[in-house]
Amino acid sequence: MQIAEVIVDIPTRQTNNPYSYSIPENLSDQIQPGMRVQVPFGPRKVTGFVVGITDHSEFNGQLKNLSSLVDLSPVVTPELLALSHWMAARTFSFEINCLQTMLPGGMRTKFRKKLLANDSVRDAYPQIFHGENEVDYDRQHFDSRTIALILKLRRADKIQVHYELAHHSKPLLMKAYTNQLSAKALQAAISGVSKRAIAQRRLLLMLHEQPTRAFLRTELAQVGVGRSVIKTALEKGWVKQTNVRRNRNPFFQPVKKSLPLDLNDDQRVAVKTIDQAIEQQTDTTFLVEGVTGSGKTEVYLQAMAHALKIGKTALMLVPEITLTPQIVGRIRSRFGDQVAMLHSAMSNGERYDEWQRISSGQAKVVVGVRSAIFAPLKNIGLIIMDEEHDGSYKQTDDPRYQTRDVAKWRAAYNHCPVVLGSATPSLESRARAMKGVYHLITLPHRFNNHALPHVTVVDMKREIAHNHSILSKELATLIADRLVKKEQIILMLNRRGYSSFIMCRDCGYVPQCPNCDISLTMHKDTQTLNCHYCGHREPIPTVCPKCHSKRIRHYGVGSQQLEEQVKEQFPNARVLRMDVDTTRKKGSHEAIINQFGAHKADILLGTQMIAKGLDFPDVTLVGVLNADSSLQFPDFRSSERTFELLTQVSGRSGRADKTGEVIVQTFNPDHYAIQLAKTQDYEKFYQTEMRVRHLGKYPPYYYTIKITGNSPSEKQTAYEMHQIAKYLRNHLTDAAIVLGPTPKTIKRIDNRYYYQIIIKYRKEPALTQSLDTILTNYQSKQRHDFYIAIDNEPLDFM
Ligand code: ADP
Ligand code: ZN
Ligand code: ZN
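Note that the coordinates shown come from a computational prediction; the quantities given were computed from them, not determined experimentally.

A. Main features of the environment of Asn467. Looking at the secondary structure, you find Asn467 in the loop between α18 (460-466) and α19 (473-485). In contact with Asn467, not counting residues within four places along its chain, are Ser472 and Lys473.

Here it is as structure tokens:
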């Protein structure tokens, strides 16, 4: 008898191990690990993932049968099954949550399955296809014998399975045309067609170039091959009309093909070193540390090309794709249709299509954000994490994984190198490189030795005495200068840890959220005050609820206000604004970037989303309006974050042959993060910050764990957290530091009270065991609505 080991979809400690179910006789040998099934669980049926198949079970009683199949082929590869097991332990989460995280959104919710076959399979199996090329699996109520047959055909790749998302149930079939002529006949047709029949000629040339490809009607229309030409082509027998399943194309615009660039010496060494590791199949982690504009991206592209050349695939992660369309464009122009893209701004349908292309082996290069680390790529030859220091690589919800760790795990599994790239590596990565755990590769010079921009720090304490504008005199002078020279300007408002709220000028009253301990944020577009934590909204008051003064108004500077002021001061400048409000619509982010790139505007202003990865040759001035707001964040990484941000945004200036300038406005001109960002001296920053971390016993000298507990009663939260801290102090060695419990920076969110404990440690053999015990205890009791979460290596202590 065959037995399936199933992780059921019930996220609890008790169900975190597989349950055994017997496989019905007619399905034996057809069920594979990685498929989802329905199984009886107590009185109900639940979905679960098959994680293994065995012929014996530890379980002594009578095993229950599997009820039915959810998938007809595995949706999780053996590699990802193993990864989920490791990840659950590493992140103190449930294996089922890890498995769900790996699937594209659409497959976690409602979908229907369609079976697709070519004509011969269709005709050979009328009991499945009834003469159609496509049948709806879920409506057919196939008997078990037919299901077994379907599985067999699926495994032999004779049947394709497509998941149709409920709201995408419209079949995405489109008219397309394929070539019918032999190469010779094509040649003859090309020379035979009249010179004036431009569109006909174009069509023939396209057929000649890609004789096996199906061209969509919409595609042909775009290049001027319209209905009448297609009609002629059909009549002459040049093409045949077919229906093809259209992939929802996540790429907005076609790109031009690009060729590898000639590398400079530093780049060549970097590529060669990485290529060697790819070939030797070693899972080395490289840290590519290169100043902004040193040509890291070209190194990534050529190393990826090498992986493809030897028959492998490549995975490249970027912090936020919508923020870096230029990088995506460069990758697509090099690798064309082999690229699949995965990011959060895509619809479920688009993501599913891309996932399908990766899973089937069609896409060989994956570019994506954090979750793309779970792409079902096989035979990976290289994993790249660009801007490896970026905070978005850490997932803050369950499962709280750090992408870097997952990347290293997959590299070990695939025997391939990992490349971490940054101008400002995280201290953790740099420290590992110094210890020889990572292999450090540096690109110390800008490409073509373009000078780094000249940075001036403006002390706003002095400035404010005689100037009430958001723009300092220095900055305003340089803006005027660039406008005259027809060069471009980027202005950045640092909004990390900064919110725009309203305050009564007479009594100082600031409206607070009724459910949370935080002030409400002003939203000008909706004319409301919103809570960013619980979603509470209320109208903006016109009189102070406390003292009835009418002088209650907006406090702090928003990008909208900055735009108004810039336009007032420079009425002839063409200004573009990029922030959450102007980029909500799909594609609008790209549109702004393209417009600025085409020099259709003089000034691009916005929040830190303009700091990353943009490369505009005409930009020669960058202004940072308030460097401090990230500095005053109550977090031990605030200096690191500020240094990164300033270095990144400065790197936007003077990328081509014109030297760039940067103005940094700050109230803390002497802070080391600002002084060292001025000279882009990462080395010195690293040394200074490491001393600070050493003194404070922070990472990378110590590992950290954050335990957060919450309940509707503050007293209860505090009590339970004290019990946990006591338990930890009793079970860990004296070398471990257990801090707290303390209320979180925002203690109350949505009427629940949050406390936290921080553990700092170097070596604690009993740590994992103790934390597992805590989780199990608190979960089995689930007492009085008290919940805990454990974050391994949190990115903030707030
Ligand atoms: P980084 O990613 O390190 O910030 P980029 O890869 O964006 O740097 O390179 C900076 C600029 O130098 C880009 O405009 C890029 O096209 C150019 N560049 C990089 N490498 C080469 C090369 N080998 N030949 C020509 N131009 C290059
Ligand atoms: Zn008031
Ligand atoms: Zn709230």
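There is more to say after this.
B. The arrangement of the sheet that holds strand β24 (residues 537-539) in detail. Strand order in this open sheet of three strands is β22-β23-β24, and the pairing throughout is antiparallel. Each edge of the open sheet is held by one strand with a lone partner, namely β22 (521-523) and β24. Across the sheet, the axes of successive neighbouring strands diverge by a mean angle of 35°, strand direction being ignored. Relative to β24, strand β23 (residues 528-530) is paired through three bridges, and the arrangement is antiparallel. Its bridge partner being in β24, Asn530 is matched across the sheet by Arg537.

C. Structural view of empty space enclosed by the protein. In total, this model carries two cavities of 30 Å³ or more according to the counting rule given. Its boundaries defined by the atoms lining it, the second largest cavity holds a volume of some 60 Å³. Contributing to the lining of the second largest cavity are Trp86, Arg90, Thr91, Lys394, Arg400, Tyr401, Gln402, Asp405, Val406, Asn792 and Glu793. Residue contributions to the lining of the second largest cavity peak at three residues, all from helix α1 (residues 78-91). Broken down by class, the residue content of the lining of the second largest cavity amounts to three nonpolar, three polar and five charged. There are two domains that each give the lining of the second largest cavity at least three residues, and those are domain 1 (3-108) and domain 4 (265-344 + 365-443).

D. Structural context of the pattern of salt bridges. One pass over the structure, following the stated rule, counts 31 salt bridges. Here Glu235 and Lys231 are joined by a salt bridge, their closest N and O atoms 3.9 Å apart. Separated by four residues within a single helix, Glu235 and Lys231 lie in helix α11 (residues 227-235), roughly one turn from each other. Given the relative accessible area of 61%, Glu235 is considered exposed. Look at Lys231 and you get exposed, because its relative accessible area is 54%. A salt bridge links Glu714 to Lys747, with the nearest nitrogen and oxygen atoms 3.1 Å apart. Residue Glu714 is found in helix α25 (residues 714-731), and its partner Lys747 is found in strand β31 (residues 737-749); the two are separated by 33 residues along the sequence.

E. Quick look at the site of ligand 1. Taken together, 16 residues surround ligand 1, and among them Asp262, Gly293, Lys296, Thr297 and Asp615 come closest. A distance of 2.6 Å separates a nitrogen atom of ligand 1 from a polar atom in the backbone of Asp262. Between ligand 1 and the protein, one listed contact pairs an oxygen atom with a backbone N or O atom of Ser294 at 3.2 Å. Protein chains shield 78% of the accessible area of ligand 1, which is 560 Å² for the free molecule. Tallied by class, residues from the shell around ligand 1 come to four nonpolar, six polar and six charged.

F. Molecular detail of the UniProt feature "binding site: Zn(2+) 2" (unreviewed entry) in the protein. The UniProt feature table records "binding site: Zn(2+) 2" (unreviewed entry) at Cys513, Cys516, Cys531 and Cys534. Spatially, the listed residues are clustered: although they cover 22 residues, their C-alpha atoms lie within 8.7 Å of one another. Tracing the backbone through its elements, the reader meets Cys516 in the loop between β21 (501-504) and β22. Given a relative accessible area of 1%, Cys516 falls into the buried group. Filtering out sequence-adjacent residues up to four positions away, Cys516 remains in contact with Cys531, Tyr533, Cys534, Arg748, Ile749 and Asp750. Along the chain, Cys534 turns up in the loop between β23 and β24. Residues in contact with Cys534, not counting those within four places in the same chain, are Cys513, Asn515, Cys516 and Asp750.

G. Helix α7 (residues 144-155), seen in detail. Taking 1.5 Å of rise per residue, the 12 residues of α7 would be expected to cover 16 Å, and the 17 Å separating its terminal C-alpha atoms lies within 8% of that figure. Of the residues one or two after α7, Asp157 is the one with positive phi, at around 65°.

What counts, and where the lines are drawn
- Residues numbered from 1 in each chain as written.
- Chains lettered and ligands numbered in written order.
- Predicted model: local features only at pLDDT ≥ 70, side-chain atom pairs only at ≥ 80, totals over all residues.
- Heavy atoms only, no water.
- Helix = DSSP H or I, 4+ residues; strand = E, 2+ residues; numbered from the N terminus.
- Contact = heavy atoms within 4.5 Å.
- Pairing = 2+ DSSP bridges.
- Axes fitted to C-alpha atoms, helices over the stretch in contact; angles between N-to-C directions.
- 1 Å grid on protein atoms, 1.4 Å probe; cavity = no way out; pocket = protein on both sides within 12 Å on 5 of 7 lines; lining within 4 Å.
- Points joined across faces, edges and corners; volume = space filled by probe spheres on them.
- Nonpolar A, V, L, I, M, F, W, Y, C, P; charged D, E, K, R; others polar.
- Domains from an automatic or database assignment.
- Salt bridge = Lys/Arg side-chain N within 4 Å of Asp/Glu carboxyl O.
- Buried < 20%, exposed > 50% of the residue type's maximum accessible area, 1.4 Å probe, protein only.
- Near = heavy atom within 4 Å.
- Polar contact = N/O pair within 3.5 Å; in protein donor to acceptor, adjacent residues only side chain to side chain.
- Areas by Shrake-Rupley, 256 points an atom, 1.4 Å probe, with all protein chains shown as cover.
- UniProt positions renumbered as here; feature names shortened; annotations may be inferred.
- Expected span 1.5 Å × (residues − 1).

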